[in-house]
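Residue-level structure breakdown
These are the residues of each chain, in order.
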Amino acid sequence: MIRFEAVNKFYGAYHALADVTAEVARGEVVVVCGPSGSGKSTLIRTVNRLEEIQSGSIEFDGHRVHGPMRARELNHLRSRIGFVFQSFNLFPHLSALDNIVLSPWRVNGVRRAESRARAMALLERVGLASRAHSFPGQLSGGQQQRVAIARALAMEPPAMLFDEPTSALDPEMVGEVLAVIRSLAQDGMTMMCVTHEMKFARDVADRIWFMDAGRILETAKPDQFFGAPQHPRAQRFLSDLHAR
């Protein structure tokens, strides 16, 4: 579903991604972990061109992502990749329901009544049907993030990307968001998730990618990664976590 081939990304002289080559299979859940500044968020943001790359190639569902592309083509690409940010990014002047309705209606041309019915079903799925007419400022952080997930799902994307979806939440709200992501994994959604929630990674991921200094240093199944990491940097990372 997603293929990175010798991807390099620079911010000025800073080498943010260094020769990244990796694949995410259809229906696979990949959790990307590593220390702060390792390139995790930059990597997933290249998939829908929120970040441009300087060399290499990225494919999504068989289509090359980077290179010349009209605005309409870019919008189509982004409509097929659900992206959930750490900061929610909801429209504050729209209700939860209308935040979800907007893109299918305005971008995909789905009839408004059909979009509303789909949005209500998604709010039901994330446990927020009773808050359909609440505005973001009336919702907790965890509730806002669940609306953001529902909004991404409304476009019926074949893959979802999560950029530290719980990092802006109070600890008691983390579980409610992770429960929604778990349910997507159980349904077979292709996902890449950048997170520091290691228990979640162990429970949900099919594979762990461990990054540092812009490189993927280790890829492994969760049991192998958490039980017997191979790379010395991964060993140190997990040892530091256990020491906290």
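**A closer look at the sheet that holds strand β2 (residues 14-24)**
As summarised here, the arrangement of the four strands in space is β2-β1-β4-β5, forming an open sheet in which the pairing is antiparallel. Strand pairing shows two members of the sheet lacking a second neighbour, β2 and β5 (63-64), which therefore form its edges. As paired elements, strand β1 (residues 2-11) and strand β4 (residues 55-60) share five bridges and run antiparallel to each other. Within the sheet, the bridge partner assigned to Asn8 lies in β4 and is Ser55. Set on the sheet, helix α1 (residues 40-47) makes contact with β1, β2 and β4; between it and β1 the angle comes to about 120 degrees.

**Comments concerning unusual backbone geometry**
Positioned with a positive phi, Arg49 is a non-glycine residue whose angle comes to about 65 degrees. Position of Arg49 relative to the elements: it lies in the loop between α1 and β4. Given a relative accessible area of 14%, Arg49 falls into the buried group. Positioned with a positive phi, Ala213 is a non-glycine residue whose angle comes to about 50 degrees. Structurally, Ala213 can be placed in the loop between β9 (207-212) and β10 (215-220).

**Observations concerning the pattern of salt bridges**
This model, assessed by the stated rule, comprises 16 salt bridges. Notably, a salt bridge pairs Asp203 with Lys199, separated by 2.9 Å at the nearest N-O pair. In this pair, Asp203 and Lys199 are both assigned in helix α7 (residues 198-204), four residues apart and thus about one turn of the helix distant. Residue classification places Asp203 among the partly exposed residues on the basis of a relative accessible area of 42%. Exposure remark for Lys199: the relative accessible area of 61% places this residue in the exposed category. Among the ionic contacts, a cluster of salt bridges with common partners joins Arg3, Glu23 and Glu59.

Cut-offs and rules
- Residues numbered from 1 in each chain as written.
- Predicted model: local features only at pLDDT ≥ 70, side-chain atom pairs only at ≥ 80, totals over all residues.
- Heavy atoms only, no water.
- Pairing = 2+ DSSP bridges.
- Helix = DSSP H or I, 4+ residues; strand = E, 2+ residues; numbered from the N terminus.
- Contact = heavy atoms within 4.5 Å.
- Axes fitted to C-alpha atoms, helices over the stretch in contact; angles between N-to-C directions.
- Buried < 20%, exposed > 50% of the residue type's maximum accessible area, 1.4 Å probe, protein only.
- Salt bridge = Lys/Arg side-chain N within 4 Å of Asp/Glu carboxyl O.

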